[in-house]
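Overview (structure and organization)
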Amino acid sequence: MSMVKTPDQISMMREAGRVVAHALAAVKDHADVGISLKELDELAASVISDAGARPAFLNYHPRWAAVPFPGVICASVNDAVVHGIPDGYVLRDGDLLSVDCGAFLEGWCGDAAVSFIVGTADPVDQALIDATDAALARGIEAARVGNKMGDLAYAIGGEAKRAGYGLLADHGGHGIGRTMHAEPPVPNMGRPGRGIKLEEGLVIAIEPMLILGGKDDYYHDDDEWTLRSASGNKAAHSEHTVAITADGPMILTLP
Ligand code: MG
Ligand code: MG
């Protein structure tokens, strides 16, 4: 199946992406000290169902996972980098929360993530989040016809590494469309001029995952899903679904 989408298909993906953006905005708005991750999950579920969409993560069971994912969002707190389960954990002042959300609308998928601090922000944590957002912005800026995947990957990873952060090993972005995880892989580290050509109509999820302290390694939590930094340091994750168009990159997961 071709990885390239028509303008009409991209328009439909834009609507799926809008639902995801609304769910993430609602979660961010409600993520205060004393709120549980489970409550945030229920909120995202209601935003998605009210929009006539279907959660992409709930019961997702890729081959590499031991058990299906039990939530609508991934909620990853502090040293959890990605794939945190939205359980009964109650948010505390200063927690760094990364929320990832995906939804299908009319058979098309959107996928996005945002990181923020609950309550009082430690400036070191805020700088990590800002660097993650900056890496995402660099990646999006490089999502252009005429570039190669290595240019995009280098734009993401170079930004993070120059700032002294780790980049979660073995993980990156992905093509997206009728399925959430599709070809091609979108690495967070790469070499300029290498990799596939970025074609008009290619739609990808770009998602830097940065770790304080410069180390890239991680381990799996006993819950079989959560990936935690091996260093125990805090991590941040930002993601948008982006279409490569003749007019440049188009972010599909905006409100
Ligand atoms: Mg995601
Ligand atoms: Mg993704």
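Structure: see above.
Within every chain, residues take consecutive numbers counted from 1 along the sequence as written. Starting at A for chains and at 1 for ligands, labels are handed out in the order in which the entities are written. Where local features are concerned, this predicted model is filtered to residues with pLDDT of at least 70; where side-chain atom pairs are given and counted, the filter is 80 or more; whole-chain, interface and lining totals use all residues. The side-chain quantities take in all heavy atoms of the structure and omit both hydrogens and water.

Re the overall build of the protein chain
Within the protein chain one finds 4 helices and 15 strands. The globule rule used here is 2.2 Å times the number of residues to the 0.38 power, and the radius of gyration it is set against is calculated over C-alpha atoms. For 255 residues, the compact-globule estimate of 2.2 N^0.38 gives 18 Å, and the C-alpha radius of gyration of the protein chain, at 17 Å, lies within 12% of that figure. Note on exposure labels: buried denotes an accessible area under 20% of the residue type's maximum, exposed denotes more than 50%, and partly exposed covers the range between, all computed with a 1.4 Å probe on protein chains only. Counting all 255 residues of the protein chain, 52% fall into the buried class. Only heavy atoms matter for contacts: two residues are in contact if any of them lie within 4.5 Å across the pair. The long-range share in the protein chain, meaning contacts at least 24 apart out of those at least 6 apart in sequence, stands at 71%. Within the structure as shown, the protein chain displays about 10,900 Å² of accessible surface, and the carbon and sulfur contribution to it stands at 52%. In the protein chain, which carries 20 positive and 35 negative side-chain charges, the distance between the mean positions of the two groups comes to 8 Å. To qualify as a helix, a DSSP run of H or I must reach at least 4 residues; to qualify as a strand, a run of E must reach at least 2; elements of each kind are numbered from the N terminus. The protein chains shown are the only cover counted for residues, whose accessible areas, like all others here, come from Shrake-Rupley with a 1.4 Å probe. Counted charges follow a simple rule, with Lys and Arg positive, Asp and Glu negative, and His plus the chain ends left uncounted. Where a charge lies is defined by one atom per residue type: Lys uses NZ, Arg uses CZ, Asp uses CG and Glu uses CD.

Side note on the side chain of His174
Positionally, His174 belongs in strand β7 (residues 173–175). Using a relative accessible area of 6% as the deciding quantity, one classes His174 as buried. Pairs of N or O atoms are called polar contacts if they sit within 3.5 Å, as long as, within protein, a hydrogen donor faces a hydrogen acceptor (for residues adjacent in sequence, only side-chain-to-side-chain pairs). Here the side chain of His174 touches Asp111 through a polar contact of 3.0 Å, side chain to side chain. Those residues within four positions of His174 in sequence are excluded, and the remaining contacts are Asp111, Met180, His181, Ala182, Pro184, Pro185, Val186, Ile204, Ala205, Glu207 and Glu239.

A short note on the coordination of the magnesium ion (ligand 2)
Excluding water, the donors of a metal are its N, O and S neighbours within 2.8 Å, or within 3.2 Å for Na, K and Ca, and that exclusion means sites may look incomplete. The coordination sphere of the magnesium ion (ligand 2) contains the protein donors Asp111 (OD), His174 (NE2), Glu207 (OE) and Glu239 (OE), at a distance range of 2.1 to 2.2 Å. Donor residues for the magnesium ion (ligand 2), ordered by position in the chain, follow D-x62-H-x32-E-x31-E. The distance between the magnesium ion (ligand 2) and the magnesium ion (ligand 1) is 3.1 Å, with Asp111 acting as a donor to both metals. Separated by 32 residues along the polypeptide, Glu207 in the loop between β9 (203–206) and β10 (209–211) and Glu239 in the loop between β13 (235–237) and β14 (240–245) bring together distant segments of the chain. Of the two residues examined, Glu207 and Glu239, each falls in the buried class.

A closer look at the coordination of the magnesium ion (ligand 1)
Within the protein, Asp100 (OD), Asp100 (OD), Asp111 (OD) and Glu239 (OE) serve as the donor atoms for the magnesium ion (ligand 1), at 2.0 to 2.5 Å. In the primary sequence, the donor residues of the magnesium ion (ligand 1) line up as D-x10-D-x127-E.

Describing helix α3 (residues 123–141)
Given a helix with a known number of residues, its expected span is that number minus one, times 1.5 Å. Between the first and last C-alpha of α3 there are 26 Å, a value that for 19 residues agrees with the 27 Å anticipated at 1.5 Å per step. When we look at burial in α3, the residues that qualify are Asp125, Leu128, Ile129, Ala131, Thr132, Ala135, Leu136, Gly139 and Ile140. Two or three places before Val124, at the opening of α3, Asp122 has a side-chain oxygen 2.8 Å from that residue's backbone nitrogen.

Notes on the environment of Pro70
With respect to the helices and strands, the residue Pro70 is situated in the loop between β1 (54–55) and β2 (73–77). Between the alpha carbons of Pro70 and Asp130 there is a distance of 29 Å; along the sequence they are 60 residues apart. Leaving out residues up to four positions away in the same chain, Pro70 has contacts with Leu58, Ile85 and Trp225.

Structural notes on the nonpolar core
For our purposes a nonpolar core is just a set of buried Ala, Val, Leu, Ile, Met, Phe, Trp, Tyr and Cys residues, chained together by side-chain atoms within 4.5 Å. The biggest cluster of nonpolar side chains holds 25 residues, and the ones touching the most others in it are Leu40, Ile48, Leu91 and Leu97. Counting only elements with at least two residues in this core, the list comes to α1 (7–30), α2 (37–50), β2, β4 (96–105) and β5 (108–117). Looking at this core element by element, the count peaks at 6 residues for α1. Not counting chain neighbours up to four residues away, the residues in contact with Ile48 comprise Val19, Ala23, Ala53, Arg54, Pro55, Val72, Cys101, Gly102 and Ala103.

From the geometry alone we can't say anything about function, so treat these as descriptive.
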